[in-house]
Amino acid sequence: MSSLRKMTDKLLAALQEQSPTAALGSAAAAIGIMLVASGIFLQESGVVFGATIRTLGGVLLLAGLGAVLFVESRRRAAVIGAARRIVERYMAATVTWHWPNRMGLAGVAIGVILLAPALVLQTFFGAGGAIVIAPGIVLFWVGVALLVYGWFHR
């Protein structure tokens, strides 16, 4: 029991060191994870409102993550800066490529990257993953088609 108390004290100390927005976002994300897990358990047990609890937990988790990542300007700038650096490195590495190969590889990469959020949304909301994976599938196969076109175009 004392180890649980120590862990709780460490968690509360970590939350107090954060800004109010980050602390609220972290708490919302943690509660969201618990609600998603509870909702999945209830849904598998045959309880009718398990899907509702699962969806509520998913919304709370995503809102908490959004608050942690995007509300404070320094964190928002860090996330946007990381995305810009990734794009700049890709553009610099592929500067000599023909456009079908360059765009095709980008489409394939983005399509594969969208698989992870689709799986997360599928877990949180049940059928919500289809909203994200449908464009991911289209981007992936258009990218493959552009790569094939670029291969034969040479």
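Remember, it's a predicted structure, so these values are computed and weren't measured experimentally.

Calculation notes
Residue positions are given per chain, counted from 1 along the sequence in the order it is written. The model is predicted, so local features are restricted to residues of pLDDT at least 70 and side-chain atom pairs to those at 80 or more, both for listing and for counting; the totals for chains, interfaces and linings are taken over all residues. The basis for the side-chain values is all heavy atoms of the structure; hydrogens and waters are excluded. Secondary structure follows DSSP: runs of H or I at least 4 residues long count as helices, runs of E at least 2 residues long count as strands, and numbering of each begins at the N terminus. Put simply, the radius of gyration uses C-alpha atoms, and a globule should come to 2.2 Å times the residue count raised to 0.38. Contact definition: two residues touch when any of their heavy atoms are within 4.5 Å. Note on areas: these come from Shrake-Rupley sampling with a 1.4 Å probe, and a residue is covered only by the protein chains present in the view. For the purpose of charge, His is not counted, nor are the chain termini; Lys and Arg are scored as positive and Asp and Glu as negative. We put the charge of a Lys on NZ, of an Arg on CZ, of an Asp on CG and of a Glu on CD. To obtain an axis, a line is fitted to C-alpha atoms, over the contacting stretch when the element is a helix, and the angle between two such axes runs from 0 to 180 degrees between their N-to-C directions. Any angle that is under 35 degrees is reported as roughly parallel, and any over 145 degrees as roughly antiparallel; angles of 65 to 115 degrees are reported as roughly perpendicular and all others as oblique. Here a crossing is taken to be left-handed if its near helix is turned anticlockwise relative to the far helix by less than a right angle, and right-handed if that turn runs clockwise. Gly is put with the polar residues, along with every residue not named as nonpolar or charged; the nonpolar set is Ala, Val, Leu, Ile, Met, Phe, Trp, Tyr, Cys and Pro, and the charged set is Asp, Glu, Lys and Arg. Nonpolar side chains (Val, Leu, Ile, Met, Phe, Trp, Tyr) within 5 Å and like charges within 9 Å form the patches, drawn only from residues with over 30% relative accessible area and no salt bridge. Salt bridge criterion: a side-chain nitrogen from Lys or Arg within 4 Å of a carboxyl oxygen from Asp or Glu. Using a 1.4 Å probe on the protein chains alone, a residue whose accessible area is under 20% of its type maximum counts as buried, one over 50% counts as exposed, and one in between counts as partly exposed. Two N or O atoms form a polar contact when they lie within 3.5 Å of each other; inside protein one atom must be a possible hydrogen donor and the other a possible acceptor, and for residues adjacent in sequence the pair counts only when both atoms belong to side chains. The span you would expect from a helix comes to 1.5 Å times its residue count less one. pLDDT: the predictor's confidence for each residue, scored from 0 to 100.

What to know about the overall build of the chain
Argument step 1. For the chain, the helix and strand inventory stands at seven helices and zero strands.
Argument step 2. Moving toward the C terminus, one meets the helices and strands of the chain in the order α-α-α-α-α-α-α.
Argument step 3. Taken over the C-alpha trace, the chain has a radius of gyration of 21 Å; the compact-globule value for 154 residues is 15 Å, which it surpasses by more than 25%.
Argument step 4. Dimensions of the chain, computed from C-alpha atoms along their principal axes, come out at roughly 70 × 40 × 25 Å.
Argument step 5. Look at the contacts in the chain between residues 6 or more apart in sequence, and 59% of them connect residues 24 or more apart.
Argument step 6. When the accessible surface of the chain is split by element, carbon and sulfur atoms take 75% of a total near 10,500 Å².
Argument step 7. The centroid of the 12 positive side-chain charges in the chain is displaced by 9 Å from the centroid of its 5 negative side-chain charges.

Things to note about the packing of helix H2 (residues 20–44) against helix H3 (residues 50–70)
Argument step 1. Where H2 meets H3, the axes come as close as 7 Å, and the angle between the chain directions of the two elements is 160 degrees. Comparing the axis directions of H2 and H3 gives the class roughly antiparallel. In terms of crossing hand, the pair formed by H2 and H3 is left-handed.
Argument step 2. Considered class by class, the residues forming the contact of H2 with H3 number 17 nonpolar, ten polar and one charged.

Describing a nonpolar patch on the surface
Argument step 1. Taken together, the side chains of Trp99, Met103 and Tyr149 make up a nonpolar region of the molecular surface, amounting to roughly 350 Å² of accessible area.
Argument step 2. Turning to its location among the elements, Met103 is positioned in helix H5 (residues 99–113).
Argument step 3. Taking relative accessible area as the criterion, Met103 reaches 40% and is therefore assigned partly exposed.

Re the side chain of Arg102
Argument step 1. Here Arg102 is to be found in helix H5.
Argument step 2. Look at Arg102: it is buried, it has no salt bridge, and the nearest opposite charge is Glu88 at 12 Å.
Argument step 3. A polar side-chain atom of Arg102 sits 2.9 Å from the main-chain carbonyl oxygen of Met91.
Argument step 4. Beyond its immediate chain neighbours, meaning those up to four positions away, Arg102 contacts Tyr90, Met91, Thr94, Val95 and Trp97.

Here we look at H2
Since one α-helical turn is 3.6 residues long, residues separated by three or four positions face the same way.
Argument step 1. For H2, spanning 25 residues, the distance from its first C-alpha to its last is 36 Å, which sits close to the expected 36 Å at 1.5 Å a residue.
Argument step 2. Where H2 is concerned, the buried positions are Ala22, Ala23, Gly25, Ala28, Ala29, Gly32, Val36 and Gly39.

A look at the confidence of the model for the chain
Argument step 1. On average, the chain scores 84 in pLDDT, and the residues at 70 or more come to 95%.
Argument step 2. Helix H1 (residues 2–17) is the least confidently modelled element of the chain, averaging 74 in pLDDT, while H5 averages 91, the highest of any element.

What to know about the environment of Leu24
Argument step 1. Residue placement: Leu24 occurs in helix H2.
Argument step 2. Look at Leu24 and you get exposed, because its relative accessible area is 63%.

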